[in-house]
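# Examination of the molecular architecture
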Amino acid sequence: MPDKRLDVLAIGNAIVDVIADSSDAFIAEQGLDKGGMRLIDEAEAERLYGAMGPGRELSGGSAGNTAAGVAALGLRAGFIGQVADDQLGAIYRHDIRSLGVEFDTPARSDVGATARSLILVTPDAQRTMNTFLGAAQRLDSSSVPADLIASAQILYVEGYLWDPEEPRAAIEQAFDHARAAGTRIAFTLSDSFCISRHRADFLRLIDDGRIDILFANEAEITELAGVADFDAAVDQTAAKVPLLVVTRSEKGAVAVRGGERASVNAEPIEKLVDTTGAGDLFAAGFLAGEALGKPLEQSLRLGAIAAAEVIQHYGARPELDLAALASDLLS
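Just so it is clear, the model here is predicted, and its values are computed rather than measured.

### So, unusual backbone geometry
- Even without being a glycine, Ser190 presents a positive backbone phi close to 75 degrees.
- Of the residues examined, Ser190 reaches a relative accessible area of 14% and is grouped as buried.
- In the Ramachandran plot, Ser249 falls in the positive-phi region, its phi being about 55 degrees despite a non-glycine side chain.
- Along the chain, the position of Ser249 falls in the loop between β12 (243–247) and β13 (253–257).

This is the structure in structure tokens:
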């Protein structure tokens, strides 16, 4: 068995987040679905950027945020994602490496501009995301080498990658490499809109036994299962995957592995500021627990601690010392 020098290797869209405060009125004026996520082209990205208020530029992307969280917890993390050979690409590379995440995917000059997500945060801390994928959707199979996949205990992949053809082919190849190397495969459904577009493919991955750990939130699991009842959706899906993890915002989270079921409450917080990255950081904490061989409840608590930290400030990367916050669970 190859040496597992990385605890978690994440593959996802390399995106620079531009986060700005917004009013409900502005969301309505722009015809946006509050709390939702939509894909936009470069022209719309420029138009909306010109209309929104001052923004904070922070490196993001779902799987990249998870990798950052894993590293912040003191574990060994890597990331694969495509950036362009431009200023935002350089910012992204610097930011993720500065957090201790291994990131060596070469920047390219033939893939358009580096992806960015324009995130509008309303006073109730809900975030409305408008994402231009740009270079991120040009990740190809050459960026998922077998030896890199084999070096990780867990391969974590975001469902957002399933839209463009090139990344989808790269992910299928990464899954093959992982299976051959004994690397566990974790997959997050990412967003209900991903499921509505690719439900048949996601169910195929599950039915074919390609996924070892499946992450979802409450809306996503009911959408995937095609039933409105949460418990029925969890039971139906848990019967098909070795490990299912479902987050429920302020209601906590649940994990099911075989006949074992564990749940935790959400961690208390002082003030809700921005929910961007909550699910990503929850996944980071849970995966850290799995990599360390912790019981399900402890892994869920690690996820809850990481998620609680990130929703109390702007941006989807931790600002406090996560390893210190969770020291009793990491030892």
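From this point, the discussion proceeds with the structure in view.
### With respect to the UniProt feature "domain: Carbohydrate kinase PfkB" (unreviewed entry) in the chain
- The residues that UniProt annotates with the feature "domain: Carbohydrate kinase PfkB" (unreviewed entry) are residues 59–318.
- What you have in residues 59–318 is 41% helix and 20% strand, and the ends, taken at the C-alpha atoms, are 12 Å apart.

### Observations regarding the sheet that holds strand β8 (residues 127–132)
- In spatial order, the strands read β3-β8-β7-β2-β4; together these five strands make up an open sheet with mixed pairing. What marks the edges here is a single partner per strand, and that holds for β3 (37–39) and β4 (56–60). Averaged over all pairs of adjacent strands, the angle between their axes in this sheet comes to 25 degrees, without regard to strand direction.
- When β3 meets β8, the two strands line up parallel, connected through three bridges.

### Overview of the pattern of salt bridges
- Tallying each qualifying case throughout the model produces 25 salt bridges.
- Linking Arg5 and Glu102 is a salt bridge whose minimum nitrogen-to-oxygen distance equals 2.7 Å. With a gap of 97 residues between them, Arg5 in the segment before β1 (6–11) and Glu102 in strand β6 (residues 102–103) connect regions that are remote in the sequence.
- Under the relative-accessibility criterion, Arg5 is labelled partly exposed at 35%.
- Across the salt bridge formed by Arg116 and Glu46, the nearest N and O atoms sit 3.8 Å from each other. Here the residue Arg116 occupies a position in strand β7 (residues 115–121), and Glu46 occupies one in helix α2 (residues 42–51), the gap between them amounting to 70 residues.
- Residue class for Glu46 comes out partly exposed when judged on its relative accessible area of 46%.
- What you see here is one network of salt bridges that share partners, running through Glu172, Asp176, Asp201, Arg204 and Arg210.

### Let's talk about the nonpolar core
- Among the nonpolar cores identified, the biggest contains 50 residues, and Phe79, Tyr156, Phe215, Val245, Phe286 and Leu300 are the most heavily contacted of them.
- Discounting chain neighbours no more than four positions away, the residues touching Leu300 are Val245, Ala253, Val254, Ala255, Ala262, Ser263, Val264, Phe282 and Phe286.
- In terms of nonpolar packing, the next biggest core, distinct from the first, is built from 49 residues, Val121, Ala178, Leu189 and Val254 among them.

Conventions used here
- Residues numbered from 1 in each chain as written.
- Predicted model: local features only at pLDDT ≥ 70, side-chain atom pairs only at ≥ 80, totals over all residues.
- Heavy atoms only, no water.
- Buried < 20%, exposed > 50% of the residue type's maximum accessible area, 1.4 Å probe, protein only.
- Helix = DSSP H or I, 4+ residues; strand = E, 2+ residues; numbered from the N terminus.
- UniProt positions renumbered as here; feature names shortened; annotations may be inferred.
- Pairing = 2+ DSSP bridges.
- Axes fitted to C-alpha atoms, helices over the stretch in contact; angles between N-to-C directions.
- Salt bridge = Lys/Arg side-chain N within 4 Å of Asp/Glu carboxyl O.
- Core = buried A, V, L, I, M, F, W, Y, C linked by side-chain atoms within 4.5 Å.
- Contact = heavy atoms within 4.5 Å.

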